[in-house]
Every structure is written in structure tokens, then in C-alpha cells.
Amino acid sequence: MLKLTSKMSLQRLVFLSFLLALQIVLSNLAIGNSFFKISLVFIPNALIGMIAGPLWTALILAFGDLISSLLSGYAYFPGFTISAFIVGILYGLFFYRKFFDIKNRIHWLYLFGAMTVIMLVDSTFFNTIWVTMIIPHASFETFLSLLSARALLLVQIPFQTIILMLLIPTLQSIKTLKIFL
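Since this is a predicted model, take the numbers as computed values, not measurements.

**Notes on the overall build of the protein**
Part 1: Across its full length, the protein holds six helices and two strands.
Part 2: The order of α-helices and β-strands along the protein, N terminus first, is α-β-β-α-α-α-α-α.
Part 3: Relative to the globule expectation of 16 Å for 181 residues, the C-alpha radius of gyration of the protein, 16 Å, shows essentially globular dimensions.
Part 4: The buried share among the 181 residues of the protein stands at 42%.

See the structure below:
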């Protein structure tokens, strides 16, 4: 039977807390605004997904969204927390207990497909809906214009794939990190 969650030891919880803190810092170092944002936040998200599984990753990313909202000074909007929860499930499903080899073409395609699904669901679809809901007097036309503009975010997918494919196999080869991954 496929296990979709991991047992939470104190070591694992501390390491996940570190990755969550890294995720919050990287989300604040993003380039752009709420309509079009480029960041490296996908790196700790993928690592959290590898370590924790879908359920824990969803809860951790939702909690991280709440903390980010409190630290940002902006008004809280629950839609982004819902997105973080759903994206956490996706990261957990795609990355939990997966091992990647930089020389394996199938692993490259798998990672590219995973990042495509995550970007389509999160950045392109859900976040566009939430941004449209925040805009006063927004219409369906507003949604469509934002969607076409935010579709440009999909150009990040090859870069995210390359970065993760260079990083994850390297981390998986480090002996002290093997207990987490």
C-alpha cells in the first residue's frame, strides 16, 4: 500500500521548519508584484514535498501562507491559503519518496510535467482567480486579461526544471540528508 504521509520525528519537524522559513524568506525576495511574480520558492516547496508527503506538505504550505500574510502587512485573503494547500498536495504527490537521476531522461520529463501541472494549477489558474476577486468591480474580461498576462509565468517551467534537476539529485546523494529524503 502506498503511504502518502511520513512519520514526524523531531529531526524531521525541525528540518521542515527550516525549509518553511526558507520558503517564507524566498517568497519575500520575489521579483515582481502580485500580478506577475518570479521567485525561487519552488525549491523549498519541492523539498518539503519530498520529505513530508501530500498531507503534511499541504498543511505546511498553508501554514506558511498564513505566516507570510501576517508578516507582509497586507490584508489576508483565504484564497491564497487554499491555493497553498492544493499546491502542497501536488508537491507531495509529485515529489514524495521520488529519487531523481540527472542522467535519466524520464526523470527530466517527469519533473517538467510536475512543474507544468503545479504552475498551471497555482500561478496560472487559482492565483488568477484570487487576484481577480481582490480587484474591485472585476469582471470575466478582467479574469481573461489577467489569465493571458499570467500565462507568461509558464516560461519559468524549463528554468525550474533545470534548477530542481541539478539540486535534488545532489541533495539526495548527501549522506546526512538521506534520513530526510
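**With respect to the packing of aromatic side chains**
Part 1: Evaluation of the coordinates by the stated rule reveals 10 aromatic pairs.
Part 2: Members of the aromatic cluster, connected to one another through ring pairs, are Phe-77, Phe-80, Phe-125, Phe-126 and Trp-130.

**Points about the packing of helix H3 (residues 78–95) against helix H4 (residues 105–134)**
Part 1: Running from amino to carboxyl end, H3 crosses H4 at an angle of 175°, the nearest separation of the two axes being 10 Å. One element, H3, and the other, H4, form an angle in the roughly antiparallel class.
Part 2: A breakdown of the residues in the contact of H3 with H4 according to their chemical character gives 20 nonpolar, three polar and one charged.

Rules used throughout
Residues numbered from 1 in each chain as written. Predicted model: local features only at pLDDT ≥ 70, side-chain atom pairs only at ≥ 80, totals over all residues. Heavy atoms only, no water. Helix = DSSP H or I, 4+ residues; strand = E, 2+ residues; numbered from the N terminus. Rg over C-alpha atoms; globule rule 2.2 N^0.38 Å. Buried < 20%, exposed > 50% of the residue type's maximum accessible area, 1.4 Å probe, protein only. Phe/Tyr/Trp six-rings, centres within 6.5 Å; stacked < 30°, edge-to-face > 60°. Axes fitted to C-alpha atoms, helices over the stretch in contact; angles between N-to-C directions. Parallel < 35°, antiparallel > 145°, perpendicular 65-115°, else oblique. Nonpolar A, V, L, I, M, F, W, Y, C, P; charged D, E, K, R; others polar.

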